[in-house]
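Overview (structure and organization)
Take a look at the letters that make up each chain.
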Amino acid sequence: MKEIRDIVAAFDKARQQEKQTALATVVLVEGSSYRRPGARMLITEDGTLTGAISGGCLEGDALRKAQQVMFRRQSMLVTYDTTDDDDAKLGVGLGCNGIIHILIEPVITDNPNHPVQLLKDWLLQRQNAVLVTLFSLEERKGVQPGTSLLLTAGGVRKHEAFEGSSWYGAMLADAEEALQSTTPSTRQYEQYTAFVEVLKPPPSLLIFGAGNDAIPLTAMAAVLGWDTTVVDGRSNYATLQRFPLATRIIVSKPDQALKQLTIDARTAAILMTHNYVYDLAMLQQLLPLQLPYIGSLGPKKKLDRMLEELRSSGVEVSPEQLDKVYGPTGLDIGAEGAEEIALSIFSEIQAVFAAAPGTSLRDKQAPIHAKNVKGLRFEV
């Protein structure tokens, strides 16, 4: 979700400079494509691009069309057929074999529900949301409604023009279903196709330990757009000077740390204080919280010792809780040194959140991204 954060930041900057902007979104892919539906790019009137809708091949043409969109203040659906040899004549040459549909919308700030504002509202809430984008494959020269509805647990923001439509209730019901199932889809409502997109907040990483080996973790998290909190009992270690890229820094004893933290289903924790007693105390508190990932830095015998000590003190550790504990933390990539170990840890957390095996793509028999869920089709 770093792409969305970058787009919102770039939009705010462009607005301060009174520059017009347009938002390009991949809304449908038939066959293979470098980017999947939901990939976005913000274009400013002076040609600044934030985000990406391809591997770099479509951006130039999308820029030209976005300038038309900004001038006309009207959305445009653009289709690139990379199965057609004529693509080479257009200078696209994607090296893929699919049809990519991209919706380019002018960001009209007079509209309080313009697409970037809806993305900004979602980022502020840190919860799952559904964004519905409408476009017409049948009437490409006709009205392309664009980003039309944002649904969160707190309510709905919508395009008022469609509230009275006969299919509005069905669209809202499909959005509510997607919010519950966290499954994206494409839907058809009369002449409009809808990309029903599920937005999930970026992972939040809790790093217990402010040693030198934690510094690369916060730097890598910043690159990925993850929220990071560094927690340590040593005030001379847990400082802004040492961790300028951390979202938050907390100096606390183990028994007071969790009271200052927000933990949800997108939160991972790493125990790396190099203080056995501190790590043990945090492990005891984290186990009942059902985090998807708890990593323990250091040898496996250290984790085994902590678990045995907890059991000996009367703490019940269930198989379900144990399944979420990863020690030693990280994938086996032959990591040496703090930076490589950070890469190993992030790779494992990403694999856990994505329910992926973490194996070489070379050995994958199916396409990298292969889904066929409720009409949504894309593959690479």
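Above this note sits the structure.
The shown structure was predicted, so the numbers you read here are calculated from the model rather than taken from an experiment.

1. A word on helix H2 (residues 59-72)
In a regular helix each residue adds 1.5 Å, so 14 residues correspond to 20 Å; H2 covers 20 Å between its end C-alpha atoms and thus fits that length. Taken together, the buried positions of H2 are Glu59, Asp61, Ala62, Leu63, Ala66, Val69 and Met70. Summarising the contacts, the buried residues of H2 are in contact with strand S1 (21-31), strand S2 (40-44), strand S3 (49-51), strand S4 (76-81) and strand S5 (98-106). Just beyond H2, the residue with positive phi is arginine 73, at close to 55°.

2. A few points about the packing of aromatic side chains
Summed over the entire model, instances satisfying the criterion amount to 4 aromatic pairs. Consider the rings of tryptophan 167 and tyrosine 192, whose centres lie 5.9 Å apart with planes at 65°: the pair is edge-to-face. Highlighted residues: tryptophan 167 in the loop between strand S8 (155-158) and helix H5 (168-181) and tyrosine 192 in strand S10 (residues 192-199), separated in sequence by 25 residues. No difference in accessibility class separates tryptophan 167 from tyrosine 192, as the two residues are buried. For the pair tryptophan 226 and phenylalanine 346, a centre-to-centre distance of 4.9 Å together with 65° between the ring planes defines the contact as edge-to-face. Of this pair, tryptophan 226 sits in the loop between helix H6 (215-224) and strand S12 (227-232) while phenylalanine 346 sits in helix H11 (residues 337-353); the two residues are 120 residues apart in sequence, bridging distant segments of the chain. Pair check on accessibility: tryptophan 226 and phenylalanine 346 agree, each one buried. Here the guanidinium or amino end of arginine 234 rests over the ring plane of tyrosine 237, the centre of that ring lying 4.0 Å away. The cationic tip of arginine 266 hangs over the ring face of phenylalanine 353; the distance from NZ or CZ to the ring centre is 5.2 Å.

3. Some remarks on the nonpolar core
Membership of the largest hydrophobic core comes to 24 residues, with the highest contact counts inside it found for Phe208, Leu283, Leu286 and Ile294. Contributions of two or more residues to this core are made by strand S11 (204-208), strand S14 (267-271), helix H8 (276-286) and helix H9 (300-312). Looking at which element gives the most residues to this core, the answer is H8, with 6 residues. Apart from the residues within four sequence positions on either side, leucine 283 is in contact with Leu271, Ile294, Leu303, Met306, Leu307 and Leu310.

4. Digging into the sheet that holds S10
One key point about sheets: their strands pair by backbone hydrogen bonds, in either a parallel or an antiparallel sense. Pairing is antiparallel across the open sheet formed by 5 strands, whose spatial order is S8-S7-S6-S10-S9. Of all strands in the sheet, those bounded by a partner on one side alone are S8 and strand S9 (185-189). Taken over all neighbouring pairs, the strand axes of this sheet differ in orientation by 20° on average, direction set aside. Relative to S10, S9 runs antiparallel, the two sharing 5 bridges. If you follow arginine 187 over to S10, its bridge partner there is alanine 194.

5. Some details on unusual backbone geometry
Residues glycine 327 and proline 328 are joined by a peptide bond in cis, for which omega reads 0°. Along the chain, the position of proline 328 falls in the loop between strand S16 (325-326) and H11. The phi dihedral of histidine 274 falls on the positive side, at around 65°, and the residue is not glycine. Counting through the fold element by element, histidine 274 comes out in the loop between S14 and H8. In this structure histidine 274 comes out as exposed when scored by relative accessible area, which is 58%.

Definitions and limits used
Residues numbered from 1 in each chain as written. Predicted model: local features only at pLDDT ≥ 70, side-chain atom pairs only at ≥ 80, totals over all residues. Heavy atoms only, no water. Helix = DSSP H or I, 4+ residues; strand = E, 2+ residues; numbered from the N terminus. Expected span 1.5 Å × (residues − 1). Buried < 20%, exposed > 50% of the residue type's maximum accessible area, 1.4 Å probe, protein only. Contact = heavy atoms within 4.5 Å. Phe/Tyr/Trp six-rings, centres within 6.5 Å; stacked < 30°, edge-to-face > 60°. Lys NZ or Arg CZ within 6 Å of the ring centre and 35° of its normal. Core = buried A, V, L, I, M, F, W, Y, C linked by side-chain atoms within 4.5 Å. Pairing = 2+ DSSP bridges. Axes fitted to C-alpha atoms, helices over the stretch in contact; angles between N-to-C directions.

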